[in-house]
Amino acid sequence: MKIRLRYTLTATFTVIAIVPVLFLGLWGERTSYLREVSSVEEKHLLLAKNITNALELYTHDAAALFEFLVECGSAQFWPQGTAALAESLDFRHFAIFTPAGTAVMSLHAGGTSEMMLPRGGIAALEPLIAKGGRHFSDVMPDAEGLPTIYLVERLPSGNAAIGAMGVDYVTKLQGQITFGKLGHAAIVDGSGNIIAHPNPEWSRAMKNISQVKPVKQMIEGISGVTEFYSPAVKANMITGYTVVPGVGWGVMVPQPLEELRDKAASARGAQIGIMVGGVIVATLWGWLLSGLLIRPISAVIGAAGKIEKGDLEARVAHFPNVTPREYRELGMAFNNMAGQIQDERRQRGHHGRRRGG
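Residues numbered from 1 in each chain as written. Predicted model: local features only at pLDDT ≥ 70, side-chain atom pairs only at ≥ 80, totals over all residues. Heavy atoms only, no water.

Visitor: Run through the overall build of the chain, naming residues and quoting values.
Guide: A count of helices and strands for the chain gives nine helices and 13 strands. By the burial criterion, 41% of the 357 residues in the chain qualify as buried. Taking the contacts inside the chain whose residues are at least 6 apart along the sequence as the reference set, 57% of them involve residues at least 24 apart. In the form shown here, the chain has an accessible surface area of approximately 20000 Å², with 59% of it arising from carbon and sulfur atoms. (Helix = DSSP H or I, 4+ residues; strand = E, 2+ residues; numbered from the N terminus. Buried < 20%, exposed > 50% of the residue type's maximum accessible area, 1.4 Å probe, protein only. Contact = heavy atoms within 4.5 Å. Areas by Shrake-Rupley, 256 points an atom, 1.4 Å probe, with all protein chains shown as cover.)

Given below as structure tokens:
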């Protein structure tokens, strides 16, 4: 099988063009993915910080209200609207207890008349009370099993002030953060127990996820960005995470890495189109360029064929100045050779006629 030079040159030019086009296509997709990851590192950490700022303000207001309730309870007087004010910050119940555990002054918010102490009663809060000062507890079930955060303070009288707070505000704040298919926010307490999470069963159970990588970091008071495996989503995730000052709660905003890859790959169609277009252009250009390179050789071959058939007048036409010098020199050398052959045959013919005469 004889392969024509033009086909060989065209194929060569095409292969040479494909290598950088493929490299640029793969590099472009990789760059798109890294750009998505970089964007997530900035945006998700910013989202986590925004939630943290809101929670810091919320806990500050809750602590201020608790201080107000302590003053009113100690004075055994509840100003009008106190219950509504307490309910606005998710307080369900506030009471001052004697060391024996008897409530001497209570405030019930949200229409409840129950004392929302944790399971195990006031004894479950004794370690915090014994510390002195004012403290937020970890999230724990109240007597009815509802997730509750307790504010406790030992008073100078020896009594203890205890406020039971629901997690509705925290849950509402967490629920406002959704993006992509599985991007979300999660809020945990200082021990890694879930306060708010998109999985309602985990939230109700106050599931402990302290072994998850970013949660470990938040328990240690560290903020940042990291990748980890999420047991909730069952996928590798990237997250920004921060810590709420004062209470030690952690906020993380994770998103599956697969979503970032899919987003980066969404431009793959355009990249493939560009790659295919580049190969087609390279092939057409190679075909045209090989034609320009082959044409002078074809002219020489054509002239040689005519001479072989007896047309000694055949010559290669003058090549344009844009033709490579080597081809023009080849044409001139062929024409000189053809002229010499023609002259030699004429001379042989002339001598033959003289001898015959």
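Visitor: Which residues make up the sheet that holds strand 10 (residues 194-196), and what are the values?
Guide: Read from one edge of the open sheet, five strands run 10-9-13-12-11, paired in antiparallel fashion. A strand with exactly one partner marks an edge of an open sheet, and here the two such strands are strand 10 and strand 11 (224-230). Across the sheet, the mean angle from the axis of one strand to that of its neighbour is 35°, orientation sign disregarded. The pairing of strand 9 (residues 186-188) with strand 10 spans two bridges and is antiparallel. Paired with isoleucine 187 across the two strands is alanine 196, which belongs to strand 10. Seen against the sheet, helix 4 (residues 168-175) touches strand 9 and strand 10 and runs at an angle of roughly 75° to strand 10. (Pairing = 2+ DSSP bridges. Axes fitted to C-alpha atoms, helices over the stretch in contact; angles between N-to-C directions.)

Visitor: Could you give an account of the pattern of salt bridges, naming the residues involved and the relevant values?
Guide: The tally for this structure, following the rule as stated, stands at three salt bridges. Salt-bridge contacts for arginine 92 lead to aspartate 142; the nearest nitrogen and oxygen are separated by 3.2 Å. In this pair, arginine 92 is assigned in strand 1 (residues 91-97) and aspartate 142 in the loop between strand 4 (140-141) and strand 5 (147-154), connecting sequence segments 50 residues apart. Note that arginine 134 is salt-bridged to glutamate 153, the shortest N-O span being 3.3 Å. (Salt bridge = Lys/Arg side-chain N within 4 Å of Asp/Glu carboxyl O.)

Visitor: An account of the environment of valine 253 is needed here, citing residue identities and associated values.
Guide: Examined against the element boundaries, valine 253 turns out to sit in strand 13 (residues 250-256). For the pair formed by valine 253 and leucine 46, sequence separation is 207 residues and the distance between their alpha carbons is 9.3 Å. In contact with valine 253, other than residues within four places in its own chain, are His44, Leu47, Ala48, Ile51, Ile177, Phe179, His184, Ala185, Ile238, Thr239 and Gly240.

Visitor: Please give an account of unusual backbone geometry that cites residues and values.
Guide: Positioned with a positive phi, glutamine 76 is a non-glycine residue whose angle comes to about 55°. Secondary-structure assignment places glutamine 76 in the loop between helix 1 (5-74) and helix 2 (82-88). Of note, methionine 206 is a non-glycine position whose phi angle comes to about 50°, a positive value. Tracing the backbone through its elements, the reader meets methionine 206 in the loop between helix 5 (200-205) and helix 6 (213-219).

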